[in-house]
Each structure stands twice: as structure tokens, then as C-alpha cells.
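# Secondary and tertiary structure notes
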Amino acid sequence: MDTLVAGGDVTVALTKRARTKLRYPATVVRDDGTHLVVRAPWAAPDARDFGFVRFEAGDVFTEHYWRDRWYAVKEVRSADGTLKGWYCDIARPAALDADGGTVTVTVEDLDLDLWVSADGGTVLRLDEDEFEESGLEARDPEAASRARTALDELEAAARAEGLVPLLA
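Summed over all chains, the structure comprises 19 salt bridges. Measuring nitrogen to oxygen at the nearest pair gives 3.0 Å for the salt bridge that ties Arg125 to Asp152. Taken together, the positions of Arg125 in strand S11 (residues 123-126) and Asp152 in helix H3 (residues 141-160) put the pair 27 residues apart, joining distant regions of the chain. Accessibility expressed as a relative area gives 30% for Arg125, which makes it partly exposed. On the basis of relative accessibility, which here comes to 42%, the residue Asp152 falls in the partly exposed class. Three or more residues are tied together by salt bridges with common partners; here these are Arg125, Glu128, Asp152, Glu155 and Arg159.

A few words on the nonpolar core. Counting residues in each nonpolar core, the largest one holds 24 residues, and the members touching the most others are Tyr71, Val73, Ile90, Leu114, Val116, Leu154 and Leu163. At the level of secondary structure, the elements contributing two or more residues to this core comprise strand S7 (71-77), strand S8 (83-91), strand S10 (102-117) and H3. Every residue in contact with Leu163, bar those within four places of it in the chain, is listed here: Val73, Trp86, Cys88, Val116, Leu154, Ala157 and Ala158.

Calculation notes
- Residues numbered from 1 in each chain as written.
- Predicted model: local features only at pLDDT ≥ 70, side-chain atom pairs only at ≥ 80, totals over all residues.
- Heavy atoms only, no water.
- Salt bridge = Lys/Arg side-chain N within 4 Å of Asp/Glu carboxyl O.
- Helix = DSSP H or I, 4+ residues; strand = E, 2+ residues; numbered from the N terminus.
- Buried < 20%, exposed > 50% of the residue type's maximum accessible area, 1.4 Å probe, protein only.
- Core = buried A, V, L, I, M, F, W, Y, C linked by side-chain atoms within 4.5 Å.
- Contact = heavy atoms within 4.5 Å.

Laid out in C-alpha cells, this is it:
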């Protein structure tokens, strides 16, 4: 499976420490073999208020996954199309698996996150305490180092020119 076809259905599986946190259906927007873009509605059963943004029913996520980068970027829009911002998960590169005709995009969350507001004025590093408590540093020092580097790179891009050029 080299690339996925635009308009095709996939399942996104978000995992954390070998446990599936969330599975949801999405539609392929585009795939060049390295950069996969899918679109999906807010997948959780309830709204989630982070204080700096609220995700809720009707929100649409355009999710960017890479097979060679240690992060995923999710553009979040409200039901009326208003851009809320970008939620970035620091994660291992996306893995695709086709089993019985169903394609699953699996992304392993490494606890670090970044939020960038729609106007780019707010850039927040998130969950660094969870990352420290996860034990990744001891279990897989190379992955921990890549995760920290990915967070630093995303933050620098967000503060310099914003995330839009990264997503093209």
C-alpha cells in the first residue's frame, strides 16, 4: 500500500503506551506516500473544554499525518467553518495497515502536545508533566529525544511563519 485514494475511508487509531485510546472513521483528503491528510468530525462522545479551546459536536478536524515525522497536526474548525486553531500531537510516525479491506492509520501518542490558536498569537506547550511521568525517557531514550525535538521544531515553526506552510 503506497498511497491512499482521496475520498476513501480509513479508520484512525490513536494509541498510548500500547493501548488504543480512540478509534474513529475518517475520509482521505490526499496522500502522497509520506504526508497523509484525512478529515473527520469530532470523535469523542462529549465536548471537551481545555480552557484555551473547546472541542464539540460539529467540529471538523483536518488531520495531517506523516510516515517520516514525529508529530501529527490537526486543523480544527467549528461546524460553521470558523478556524479554531491547530492541535499538534507529538507521536511516532504514522503507520498504515490494510486488513480485510479496512485501512487503519495508527498513531502512537507520546504525551507531548502543542496548541496554536487560529490567529497564531497563542502557542502553548502542553502535557510536559505527563511526558515526564510516562517513563518514555527510561524505556526508549531515542524516542523521547525525537519527541522533544519534534515539539521544539513545531513550536519554532508556529512562532516563525505559522503551521500552514508545513501542511501544504
